[in-house]
Amino acid sequence: VVAMTGKRLKGQGSGAMLTNHELGAALPMRRMQADGTVMSRKTIAGAAIAAKNDAEDRAEWLRLLYVAMTRAVNKLILTGTETGAKGEKAVFSQYNAVTAGSFLDWLVSVLANHRDGDALRALYGVHPEKLFEPSSWRVRVYTTGELRQQRSDAGAVRSETEKMLQGHFSPQ
């Protein structure tokens, strides 16, 4: 099970000082305005370091996703929630791979173009010209209501099981 694939991936951020093991360090340019406020802008060096760090972070995130997904022997279950605008991530491109904000963004882009991705294509309303991959997958999208019902059903089964076992086992 690979859980929480919809969690936002975080970068280094825009702190006061950016560093990179190859490019060095960069501070923002600061200028005092006439009204006494301080204006701060990223320098060219800072922009280069931020771009390099983002690329390295994405490579590491993809490596972690690859490792998690290739450990499955018989079945791989991916879970995640998505709250963004529908349709904008469902057609795979290199742009999506570079701008993805979560593992789920990458997965939706690929799975919507897979021959077994009917559920995602229906959800996002996309119809790619060419479907990829000869492999066979089962892709299922659950709504919040369906998940709540499953949890309710599981709770009812657990409650019935506890009633049946009550009195059969006593603490020692």
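Heads up: these notes are all about the structure in this document. Values in this document were obtained by computation on a predicted structure and should not be read as measured data. (Residues numbered from 1 in each chain as written. Predicted model: local features only at pLDDT ≥ 70, side-chain atom pairs only at ≥ 80, totals over all residues. Heavy atoms only, no water.)

1. Concerning the pattern of salt bridges
When charged atoms on two side chains of opposite charge get close, those side chains can pair. Tallying each qualifying case throughout the model produces three salt bridges. Between Lys52 and Glu22 there is a salt bridge, and its shortest N-O distance comes to 3.1 Å. Of the two residues, Lys52 is situated in helix α1 (residues 44–70) and Glu22 in the loop between β1 (18–20) and β2 (24–26); the sequence distance between them amounts to 30 residues. Assessed through its relative accessible area of 28%, Lys52 is described here as partly exposed. Its relative accessible area of 54% is what places Glu22 among the exposed residues. Salt bridges linked by common partners bring Glu22, Lys52 and Glu56 together as one network. (Salt bridge = Lys/Arg side-chain N within 4 Å of Asp/Glu carboxyl O. Helix = DSSP H or I, 4+ residues; strand = E, 2+ residues; numbered from the N terminus. Buried < 20%, exposed > 50% of the residue type's maximum accessible area, 1.4 Å probe, protein only.)

2. Let's talk about α1
Counted at 1.5 Å a residue, the expected span for α1 with its 27 residues is 39 Å, and the 39 Å between its end C-alpha atoms agrees. Buried within α1 are the following residues: Gly46, Ile49, Ala50, Asn53, Trp61 and Leu65. Residues of α1 that are buried make contact with β1, β2 and α3 (103–111). (Expected span 1.5 Å × (residues − 1). Contact = heavy atoms within 4.5 Å.)

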